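Close look at the chain arrangement
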Amino acid sequence: MAKNLLIVESPAKAKTIEGYLGKDFLVKSSYGHIRDLIKTDDAINVNNNFEQRYEVPSDKKAVVNELKKLAKDAEMVWLASDEDREGEAISWHLFETLGLKEDKTKRIVFHEITKTAILKAIETPRKIDYNLVYAQQARRVLDRLVGFELSPVLWKKVKPSLSAGRVQSVAVRLIVDREREVNKFTATAAFRVVAIFSTDNQKEIFRAELPERFEKAPEAENFLKDCINAIYTVNSLETRPTKRSPAPPFTTSTLQQEASRKLGFSVARTMSVAQKLYESGKITYMRTDSVNLSDTALNAAADEIRSAYGEKYHQLRKFKTKSAGAQEAHEAIRPTYFEQHRISGDNSEQRLYELIWKRSIASQMAEANFEKTTAKINISTRPEEFVANGEVMKFDGFLKVYFESKDEEEVEINLDEDNENSILPPLSKGQRLNLREMNATERYSRPPARYTEASLVKKLEELGIGRPSTYAPTISTIQNRGYVVKEEREGKKRDFKVISLKDGKISSATKSENTGAEKNKLFPTDIGAVVNDFLVEHFKGIVDFNFTAKVEKEFDEIAQGLKDWTEMLRTFYNPFHTEVENTLQTANRASGERELGKDPESGKKISVRIGRYGPFVQIGESQENDEDEKPRYASLRAGQMIETITLPEALDLFKLPFQLEDYQGKELSVGLGRFGPYIKWGDSFISLPKGEDPLSVNLDRAIELIDQKNIAEAPIAQYENLPVTKGKGRFGPFIKWNNLYINVPVRYNFDQLGQAEINELISNKVEKESNRFIQTWPSEKIALENGRWGPFIRFGKQMLKLGKNKSTNDKYSPEELSSLSLEAVKKLIEEQIPDAFATKAKKVVKKAGVKKSTKKLVKK
């Protein structure tokens, strides 16, 4: 048995470290946190200094038992979790749960997983830093209190099954506010004038632009007319040297931003890949606010730059972290070994590593030197001047390795050819120029750019909201909850005018461009907007940017030992809890309802709002009496929102579904479902291609799509004398047999599936389906099912946790699940959705003679 037990969070990290230590050390992983707050409402005792009740999850019990045994036998236990607050909390939980003793426990931290760093950490151990633990506890407790108290308010006042979080709510507000800015924006047009000149030899041409813009087409045309017989001369010529300096090494947020811009990675993917690089010893710790590099790193970078590029490319730089509340003031993200330009591994790891390496190396390289020339060109017939800019690189410096990308809102998108960094021919003051062509192009102002994941991270950091470890889960959470979607949207065609002067003649043409197209942008959903408005109205503090940033600063003060964590929580919680109670009693139900106008045919009111199953348009009003004509409903289409849909767009929704002529003896119609517009032919559904307007589909187009589907779905094989077809759906390629849809994993060649592979896929699916259901109650739309991560309750379309058997305080056994009664399952559902079965009673209450019926329902 080894004398020393060293515990880290991940198996990959353990494996890397184990190779650096001798036989006296046994390195084990805790697989992250080994305990968490219990799931019930009494996890935190707000009346006793926010005392917490923790539990070891069932999936961690085996790990904990093993670690307890190993710790008992070891002479010394080394807690080597990450160096941030989360890591400190993991060490504290290990210390408490494993029953460790102060004199036989040491805490070590390191910024990189190298032999030198590990051995140095062992030489300089410390105790658990309880200030860091308290800061993490304060965040965890505060977020649990907000979630547990705010979510039930949303269930009752907005929609069941909603939830809210502190940082997530602020992120949603940013996206909602930006969407409204975009929707309110009115584009204005102006004419931009660009001329192409040549020198006397007619071979060297360059572009110049008029700084002024013309608001109206006649003004632009008059300018061009005045230029027909004008003489153009170089009025002034200025040449000056300019420099560009490299960006500092990566912090967590700048890595997330740049990986999104350059590699197209989501924030979550960036952090996942960076975690693997860190644990395998390729890069330093990836959760940091610091731009500092250690002296060791500076020396290593200098050696590599001199070796790879030469002495003139090196320039020592020591960057300082600007953020006053920087949590992890250790070192920036950098390669562990600068001489390692590339690594082996999967493609994502290679690309992210190379980005980190380039940024780190570039930060220690010389400035790039340019010579910038600005020429002003006189027009003999007008007072305005054209301006031409040219730039020549004299020394590439850090640009030999790396240049930083920018967000969309930082870049002036120029739809004409960019002349900003072109090279000007040799010019002299007073030199006469020849006009080759002049264009006045109508250009429209652009609305504020919608957020990408990268620009949202940047904004959150600017506001001081959240910390490096929170950005990725925050952005994933608001998407998973359905408050925000990340998607592409097609633009709209827009005409613009171009007035040209060439060979002494003026011509005009109308061209078109695609405007408003979006790629991988964050859009608020209707439910996200309604929840945001509700929180802004009733819980200003939760979604207030300054307040949320202030909370982050208080966490920093707790970590530095400057503030008591329980006092900080008490200051927040008491007014917050009062606000929750008041809102439950006084707030009206929020649905985002908006009246659009009257139906031209019936004269009835048309309104739009959030319902149980999402946003919808309604013609007419809900009536108490069954004899009255019932309202008509239609769901909104993808891309439509409650607050922007117009009356004509709403009326179009009621044109669906519509019937076409029968085809091959089967009914044919066009409709709109939860997955978009479709054609229904008999019992078959055919989705329309993305972007195609369902109202434009006629019989010929419907037949064309049906024929395409028939060809695509022709049987490719037989299994047990039944046909097998294949297709591609929302979740990738699949085969269909006997009404079973079977996903085809990437390890199969979908285009060349053989009979043996088809047999294997189907037989595996049949076996899996036979073991799927434990118990079912179809009439109640309730089932107990076996899932990928264990048994769960399916209630309608929702998947709910089973929780523990309260009588045994352990997981339900298969035997217990198979004998669980419907009433017991309903109680488990109501614990998670309090009003899950209340709606049935409400419907009866609205009718005459309801009192007896109501009592019977209650008794049942």
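As the structure is a prediction and not an experimental result, all values here were calculated from the model. Sequence order as written defines the numbering, with residues in each chain counted from 1. Only residues with pLDDT of 70 or above have their local features reported here, since the model is predicted, and side-chain atom pairs are shown and tallied only from 80 upward, although totals for entire chains, interfaces and linings are computed over all residues. Note that water and hydrogens are dropped before the side-chain values are worked out from all heavy atoms of the structure.

1. Thoughts on the overall build of the protein chain
Worth spelling out the cut-off: Each helix is a run of DSSP H or I of at least 4 residues and each strand a run of E of at least 2, with the numbering of both proceeding from the N terminus. With a 1.4 Å probe rolled over the protein chains alone, any residue whose accessible area is under 20% of its type maximum counts as buried; one over 50% counts as exposed, and the rest are partly exposed. Residue contacts follow a heavy-atom distance rule, with two residues in contact if any of their heavy atoms lie within 4.5 Å. Here the open area of atoms and residues is found with the Shrake-Rupley method and a 1.4 Å probe, where only the protein chains shown may cover a residue.
Counting secondary structure elements, the protein chain contains 24 helices and 34 strands. Its C-alpha atoms give the protein chain principal-axis dimensions of roughly 95 × 85 × 65 Å. Scored against the burial criterion, the 860 residues of the protein chain give a buried share of 46%. Nonlocal contacts in the protein chain, meaning residues at least 24 apart in sequence, comprise 67% of its contacts between residues at least 6 apart. Surface exposure of the protein chain reaches about 45,500 Å², of which carbon and sulfur atoms provide 48%.

2. Overview of the confidence of the model for the protein chain
Basically, it comes down to this: Within a predicted model, pLDDT stands for the predictor's per-residue confidence, ranging from 0 to 100.
Across the protein chain, the average pLDDT comes to 88, with 94% of residues at 70 or higher. Low confidence marks residues 411-419, where pLDDT is under 50. Its contacts with residues over four positions away, or in another chain, come to 17 contacts. Across residues 840-860, confidence stays below pLDDT 50; counting only partners more than four residues off in sequence or on other chains, it has ten contacts.

3. Quick look at the pattern of salt bridges
Applied cut-off: In what follows, salt bridge is the name for a side-chain nitrogen of Lys or Arg lying within 4 Å of a carboxyl oxygen of Asp or Glu.
On inspection of all chains with the given rule, the structure shows 56 salt bridges. Put simply, Arg244 and Glu391 hold a salt bridge, and the shortest N to O gap is 2.8 Å. One end of the pair, Arg244, is in strand β11 (residues 232-244); the other, Glu391, is in strand β13 (residues 385-395), and 147 residues separate them in sequence. For Lys358, the salt bridge goes to Glu354, with nearest N and O atoms at 3.3 Å. With Lys358 and Glu354 both in helix α11 (residues 347-362), this residue pair falls four residues apart, about one helical turn. Members of the salt-bridge network, linked through shared partners, are Lys765, Glu769, Arg772, Glu785 and Arg794.

4. Focus on the packing of helix α3 (residues 85-97) against helix α5 (residues 130-157)
Basically, it comes down to this: Whenever a helix is involved, its axis is fitted only over the stretch in contact; in every case the axis is a line through C-alpha atoms, and angles between N-to-C directions fall within 0 to 180 degrees. Each angle is binned into one of four classes, with values under 35 degrees roughly parallel, values over 145 roughly antiparallel, values of 65 to 115 roughly perpendicular, and all other values oblique. Gly counts as polar in this scheme, as do all residues outside two lists: the nonpolar Ala, Val, Leu, Ile, Met, Phe, Trp, Tyr, Cys and Pro, and the charged Asp, Glu, Lys and Arg.
Relative orientation of the contacting elements α3 and α5 amounts to 100°, with a least axis distance of 8 Å. Between α3 and α5, the angle is such that the two are roughly perpendicular. Listed contacts from α5 to Arg85, Glu86, Glu88, Ala89, Trp92 and Phe95 of α3 are Tyr130, Leu132, Val133, Ala135, Gln136, Gln137 and Arg139. Residues belonging to the contact of α3 with α5 are distributed by class as follows: seven nonpolar, two polar and four charged.

5. Structural notes on the packing of aromatic side chains
Each pair of aromatic rings is reported with the distance of its centres and the angle of its planes. The condition is simple: Aromatic pairing here means that ring centres of Phe, Tyr or Trp (its six-membered ring) are within 6.5 Å. Orientation follows from the plane angle: under 30 degrees is stacked, over 60 is edge-to-face, and everything else is tilted.
Taken as a whole, this structure holds 22 aromatic pairs when the rule is applied. Look at Phe214 and Phe223: their rings are 5.3 Å apart centre to centre, the planes differ by 40°, and that puts the pair in the tilted class. Side by side, Phe214 and Phe223 carry an identical accessibility label, which is buried. Centroid distance Tyr663 to Trp681: 5.6 Å. Interplanar angle 40°. Geometry classified as tilted. Of this pair, Tyr663 sits in strand β23 (residues 658-663) while Trp681 sits in strand β25 (residues 676-681), placing them 18 residues apart in sequence. On the basis of relative accessible area, Trp681 is assigned to the buried category, the value being 6%.

6. Focus on the sheet that holds strand β28 (residues 722-729)
Basically, it comes down to this: At least two bridges found by DSSP between two strands are what make those strands a pair.
Taken in spatial order, the four strands make up an open sheet running β27-β28-β29-β30, and their pairing is antiparallel. Strand pairing shows two members of the sheet lacking a second neighbour, β27 (717-719) and β30 (740-743), which therefore form its edges. Each adjacent strand pair in this sheet contributes to an overall mean axis angle of 40°, direction not counted. In this fold helix α20 (residues 755-770) packs onto β27, β28, β29 (732-737) and β30, with an angle of close to 115° to the strand it touches most, β30.

7. Quick word on the sheet that holds strand β8 (residues 105-107)
If you trace the four strands from one edge of the open sheet to the other, you get β2-β1-β7-β8, paired in parallel fashion. Either end of the sheet is taken by a strand with one partner, and the two such strands are β2 (25-29) and β8. Neighbour-to-neighbour, the strand axes of the sheet open up by a mean angle of 25°, direction not taken into account. By the bridge criterion, three bridges tie strand β7 (residues 76-79) to β8 in an arrangement that is parallel. By the bridge assignment, Val77 is partnered in β8 with Thr105. Strands in contact with helix α1 (residues 11-18) are β1 (4-8) and β2; relative to β2, the strand with the most contacts, it is inclined by about 165°.

8. Description of the packing of helix α8 (residues 252-263) against helix α12 (residues 453-463)
The condition that has to hold: By definition, any crossing whose near helix is turned counterclockwise from its far helix by less than a right angle is left-handed, and any crossing with a clockwise turn is right-handed.
Where α8 meets α12, the axes come as close as 8 Å, and the angle between the chain directions of the two elements is 160°. In terms of orientation, α8 and α12 fall into the roughly antiparallel class. Viewed along their axes, α8 and α12 form a crossing whose handedness is left-handed. For the pair α8 and α12, the contacting residues are Ser253, Gln256, Gln257 and Ser260 in the first and Ala454, Val457, Lys458 and Glu461 in the second. Residue composition of the contact of α8 with α12, grouped by class: two nonpolar, four polar and two charged.

9. Notes on the nonpolar core
Selection rule: Residues enter a nonpolar core if they are buried and are Ala, Val, Leu, Ile, Met, Phe, Trp, Tyr or Cys, with the set joined through side-chain atoms within 4.5 Å.
If you look at the biggest cluster of nonpolar residues, it comprises 130 residues, and the most contacted ones within it are Leu6, Phe110, Leu352 and Leu456. At ten residues, α5 tops the list of elements feeding residues into this core. Counting residues in each nonpolar core, the second largest holds 28 residues, with Phe197, Ala220, Tyr232 and Ala375 among its members.

10. Quick notes on the side chain of Glu518
Positionally, Glu518 belongs in strand β18 (residues 518-524). For Glu518, the residues in contact, after removing those within four places along its chain, are Arg450, Glu487, Glu488, Arg489 and Phe523.

11. Comments concerning empty space enclosed by the protein
Stated formally: Detection works on a 1 Å grid of protein atoms alone, calling trapped sets that fit a 1.4 Å probe cavities and calling open sets with protein on both sides within 12 Å along at least five of seven lines pockets, with lining residues defined by an atom within 4 Å of a point. Grid points are joined across faces, edges and corners, and a volume is the space filled by probe spheres set on the points.
Inspection of every chain in the model, using the stated rule, returns two cavities of 30 Å³ or more. Approximately 70 Å³ is the volume attributed to the largest cavity. Every element with two or more residues in the lining of the largest cavity is listed here: α6 (166-184) and α14 (526-538). Looking at which element gives the most residues to the lining of the largest cavity, the answer is α14, with four residues. Partitioning the lining of the largest cavity into residue classes produces six nonpolar, six polar and one charged.

12. Side note on unusual backbone geometry
The omega torsion across Leu656 and Pro657 is -5°, close enough to zero to call that bond cis. Relative to the elements of secondary structure, Pro657 occurs in the loop between α18 (647-653) and β23. Of note, the phi angle at Phe50 is positive, near 55°, even though the residue is not glycine. With respect to the helices and strands, Phe50 occurs in the loop between β4 (44-45) and β5 (51-52). On the accessibility criterion, Phe50 (1% relative accessible area) is buried.

13. Considerations on the pairing of strand β17 (residues 505-515)
Bridge count between strand β16 (residues 492-502) and β17: eleven bridges; the pairing is antiparallel. Within β17, the position partnered with Val498 by the bridge is Ala509. Connecting the antiparallel pair β16 and β17 is a turn made up of two residues, with Asp503 showing a positive phi of about 55°.

14. Remarks on α20
Test applied: Helix span, as expected, comes to 1.5 Å for every residue beyond the first. Starting at the helix axis, one direction is taken to each C-beta atom, and the arc is that of these directions.
Between its first and last C-alpha atoms α20 spans 22 Å; for 16 residues at 1.5 Å apiece the expected length is 22 Å, and the two agree. Turning to α20, its buried residues are Ile758, Leu761 and Ile762. Along the long axis of α20, the arc covered by the buried residues comes to 90°, so they all point the same way. Exposed residues lying more than 90 degrees from the buried face of α20 are Ala756, Glu767, Lys768 and Ser770. Buried positions along α20 lie against β27, β28, β29 and β30.

15. Section: the environment of Ala549
Here Ala549 shows up in helix α16 (residues 545-559). Not counting residues within four places of it along the chain, the set of residues in contact with Ala549 comprises Leu463, Gly464 and Ile465.

16. With respect to the pairing of strand β12 (residues 368-379)
Where β11 and β12 come together, twelve bridges link them in antiparallel fashion. Opposite Thr242, over in β12, you have Phe370 as the bridge partner. Here β12 hands over to β13 after five residues, the two strands then running antiparallel side by side.

17. Some remarks on a positive patch on the surface
Let me state the cut-off plainly: Patch construction takes residues with relative accessible area above 30% that form no salt bridge. Like charges are linked within 9 Å, and nonpolar side chains (Val, Leu, Ile, Met, Phe, Trp, Tyr) are linked within 5 Å. When charges are counted, Lys and Arg contribute as positive and Asp and Glu as negative, whereas His and the chain ends are disregarded. All charge positions are set by atom: Lys at NZ, Arg at CZ, Asp at CG, Glu at CD.
On the surface, a cluster of positive charge is contributed by Arg674, Arg730, Lys781 and Lys797. As for its position among the elements, Arg674 is in the loop between β24 (666-673) and β25.

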